[in-house]
Amino acid sequence: MKKIAAFITAFLLFIATISFMTLSDRQEVAMNNPKIGLWVNEYKDKSMTAVSQNLGDDMALLLGSSEFHYGKKTKYHPSRVFAKSDKEFMIIGASYTQSLFHAILVGAVSPELKRKEAILLVSPSWFKEKGIEPGAFAMRFSETEYLAFLRNSEISDDVKKEVAALVEERLSSFLEMQDKVKLYNKVYAYSTATPAERIVVSAQGMWAEKSDYLAFKNVLGLTSFKKYQKWVRPKHKHGQTPLGATKRWEGVKISAEREAALRAGDNPFYMSQKLYKLKVEPRLENKKNSSLKDTYAKSPEYEDLKLFLKVCKETGVKPKIIMLPQNGYWYDYTGFPVKSRTVARDKVSKIARDNNVQFIDLYDESYEKYFFKDTVHPSAKGWIKIDEAINKSY
């Protein structure tokens, strides 16, 4: 009797969802709009609709984390630099979007990704001993991208099960979503779902996708996107990239360094004087030698990175890794041992080498004056060096 009741409930939920879907016509969201690709927005990052419908024929994935939200209004940020070039990117990244998030994203969008390339900016700070906190993972988790990942027939059952187990574990602080994910996993990863559960998952999936579409449609009305659209200039013809020539890069590097140095003032960490006064100076005393026991030697993030590369391999996406630096002057002040920091670069380099993945190492820039806006994020000078690495990777 209970099984019959569950089946009826699931069926009614399915009918209600179909009715909701029918009431509002499905529309595409700015189909193949390269401006969305370069627009830095955390809502876009979590929207399967936004990402999948705006992947141009020659667009590569440019993946990272919080660095994309620093300096995005300056002319040195990749969203501005590459808006004036013949290179197309879908920028995805905010705080806590790390290897597992990007593994799911690649698996979700690979069927629509015609240029099978993903450039991953890896930050040393990802490799904390305990890994990403469950609350932080839950904040960035995308239900629609996860569903698309599970439905991708290119991905093996073994990899789906590996990802499924990690996602369930890391959603421990978001029980409502964890319950949904467990049901999705029963259908798509473990194949243990009952007919009633399959109906529920079908309805939940359609509801999630429609909600995703409506939410992102509203986001497109935000002032920040309208301003960005006005700023973006028409694409240059192929081969006429303004920053393609070495001389042009060198000129921009000089202006970026001047700007970064001017903003840095006289603080001992060669960072933005404004951010130093606002965020760093008030906690200087507490931070002195506060990281003597910290290390990047052991972290679950290394296995997550390997999993990201597995997903890339199975979906035919060619990954490239750019290793970012961190403010060496600041980390010396906190007492974080140098060897315990550089081990992140060494281990990521080995993972890349073992998987025959291109690895661009910017970690030696850690003691480059004026490279950082704060303790870890790039300044104008930092961004233009990262831009050059991105340009070479495309």
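Structure: above.
What counts and how
- Residue numbers restart at each chain and count upward from 1, following the sequence in its written direction.
- This being a predicted model, a pLDDT of at least 70 is required before a residue's local features are given, and a value of 80 or more before pairs of side-chain atoms are given or counted; all residues contribute to the totals for chains, interfaces and linings.
- Computation of side-chain values: all heavy atoms of the structure, hydrogens and water removed.
- Site definitions follow a grid-based scheme: protein atoms alone, a 1 Å grid, a 1.4 Å probe that fits but cannot get out for cavities, and for pockets an open set with protein on both sides within 12 Å along at least five of seven lines, plus lining residues having an atom within 4 Å of a point.
- Grid points are joined across faces, edges and corners, and a volume is the space filled by probe spheres set on the points.
- Starting at the N terminus, helices and strands are each numbered in turn, a helix being any DSSP run of H or I of at least four residues and a strand any DSSP run of E of at least two.
- Amino acid classes used here: Ala, Val, Leu, Ile, Met, Phe, Trp, Tyr, Cys and Pro are nonpolar; Asp, Glu, Lys and Arg are charged; the rest, including Gly, are polar.
- What makes a salt bridge here is a side-chain nitrogen of Lys or Arg within 4 Å of a carboxyl oxygen of Asp or Glu, nothing more.
- In this scheme, a residue with accessible area under 20% of its type's maximum is buried, one over 50% is exposed, and one in between is partly exposed, where area comes from a 1.4 Å probe on protein chains only.
- Pairs were defined over the aromatic rings of Phe, Tyr and Trp, the Trp ring being its six-membered one, requiring ring centres within 6.5 Å. Orientation was assigned from the angle between planes: stacked under 30 degrees, edge-to-face over 60, tilted for the rest.
- Helix span, as expected, comes to 1.5 Å for every residue beyond the first.
- Any two residues whose heavy atoms approach within 4.5 Å are treated as being in contact.
- Paired strands, in this sense, are two strands between which DSSP finds at least two bridges.
- Lines fitted to the C-alpha atoms define the axes, with helices restricted to the stretch that makes contact. Angles between their N-to-C directions range from 0 to 180 degrees.
- Under this scheme an angle from 65 to 115 degrees is roughly perpendicular, one under 35 degrees roughly parallel, and one over 145 degrees roughly antiparallel; angles in between are oblique.
- Here a crossing is taken to be left-handed if its near helix is turned anticlockwise relative to the far helix by less than a right angle, and right-handed if that turn runs clockwise.

1. Things to note about empty space enclosed by the protein
Move 1: Under the counting rule described, the total for this entry stands at two cavities of 30 Å³ or more.
Move 2: Estimated volume of the largest cavity: approximately 60 Å³.
Move 3: Surrounding the largest cavity, Tyr96, Phe101, Ile104, Phe137, Arg140, Phe141, Ser142 and Glu145 form its lining.
Move 4: When contributions to the lining of the largest cavity are tallied by element, the ones reaching two or more residues are α6 (99-109) and α7 (134-140).
Move 5: A class-by-class count of the residues in the lining of the largest cavity yields five nonpolar, one polar and two charged.
Move 6: Empty space within the second largest cavity amounts to approximately 50 Å³.
Move 7: Taken together, Tyr96, Gln98, Ser99, Leu100, Phe101, Ile132, Phe137, Arg170, Glu301 and Asp304 form the lining of the second largest cavity.
Move 8: Listing elements by their share of the lining of the second largest cavity, those giving two or more residues are α6 and α16 (301-315).
Move 9: Broken down by element, the residue count for the lining of the second largest cavity peaks at three residues, all from α6.
Move 10: Looking at the lining of the second largest cavity residue by residue, the class counts come to five nonpolar, two polar and three charged.

2. Some details on the pattern of salt bridges
Move 1: Evaluation of the coordinates by the stated rule reveals 25 salt bridges.
Move 2: The residue Lys87 makes a salt bridge to Asp86 at a minimum N-O spacing of 3.9 Å.
Move 3: Across the pair Lys385 and Glu365 runs a salt bridge, and its minimum N-O distance is 3.2 Å. Taken together, the positions of Lys385 in helix α19 (residues 380-393) and Glu365 in the loop between β5 (358-361) and α19 put the pair 20 residues apart, joining distant regions of the chain.
Move 4: Given a relative accessible area of 22%, Lys385 falls into the partly exposed group.
Move 5: Classification of Glu365 as buried rests on a relative accessible area of 18%.
Move 6: A single network of salt bridges, built from pairs that share partners, joins Glu257, Glu365, Glu368, Lys381 and Lys385.

3. With respect to the packing of aromatic side chains
Move 1: Taken as a whole and judged by the stated rule, the model has 18 aromatic pairs.
Move 2: With 6.1 Å between their ring centres and 15° between their planes, Phe68 and Trp383 make a pair best called stacked. With a gap of 315 residues between them, Phe68 in the loop between β1 (59-63) and α5 (78-81) and Trp383 in helix α19 connect regions that are remote in the sequence. Trp383 carries the same exposure label as Phe68, and that label is buried.
Move 3: A centroid spacing of 6.2 Å and a plane angle of 50° characterise the contact between Phe269 and Tyr276, whose relative ring orientation is tilted.

4. As for helix α10 (residues 175-188)
Move 1: For α10, built from 14 residues, the straight-helix expectation of 20 Å at 1.5 Å per residue is met to within 8% by its first-to-last C-alpha distance of 20 Å.
Move 2: Of the residues making up α10, those classed as buried are Met177, Gln178, Val181, Leu183, Tyr184, Asn185 and Val187.
Move 3: Contacts made by the buried residues of α10 are with α8 (143-151), α9 (157-170) and α11 (195-219).

5. A look at the pairing of β1
Move 1: Of all five residues in β1, five are buried; the element is thus mostly enclosed.
Move 2: Here β1 shows no split at all, with Met59, Leu61 and Leu63 on one side and Ala60 and Leu62 on the other all buried.
Move 3: Inspection of the sheet shows β1 paired to strand β2 (residues 88-92) by five bridges, in the parallel sense. Bridging from a neighbouring strand, Met59 pairs with Glu88 of β2.
Move 4: The sheet contact formed by β1 and strand β3 (residues 117-122) spans three bridges and is parallel. When the bridges of β3 are listed, Leu62 appears paired with Ile119.

6. With respect to the layout of surface pockets
Move 1: Size it by volume and the largest pocket reaches roughly 1,000 Å³.
Move 2: Lining the largest pocket are 42 residues; nearest its centre among them are Ser125, Lys128, Tyr296, Tyr331 and Val376.
Move 3: When contributions to the lining of the largest pocket are tallied by element, the ones reaching two or more residues are α14 (273-280) and α17 (328-333).
Move 4: No other element matches the three residues that α14 contributes to the lining of the largest pocket.
Move 5: Along the lines of polarity and charge, the residues of the lining of the largest pocket split into 18 nonpolar, 13 polar and 11 charged.
Move 6: Roughly 430 Å³ of internal volume is contained in the second largest pocket.

7. A short note on the environment of Ala118
Move 1: Locating Ala118 in the fold gives a position in strand β3.
Move 2: Considering only alpha carbons, one finds Ala118 and Leu61, 57 residues apart in sequence, at a separation of 4.5 Å.
Move 3: In this structure, Ala118 is in contact with Leu61, Leu63, Val317, Lys318, Pro319 and Lys320, ignoring residues within four places of it in sequence.

8. Quick look at the packing of α8 against α10
Move 1: Taken N-terminus to C-terminus, the directions of α8 and α10 make an angle of 15°; their axes are 10 Å apart at the nearest point. Between α8 and α10, the angle falls in the class roughly parallel. Note on packing geometry: the crossing formed by α8 with α10 is right-handed. Within the contact between the two elements, α8 uses Glu143, Tyr146, Leu147, Leu150 and Arg151 and α10 uses Met177, Lys180, Val181, Tyr184, Asn185 and Tyr188.
Move 2: Here the residues of the contact of α8 with α10 are counted per class, giving seven nonpolar, one polar and three charged.

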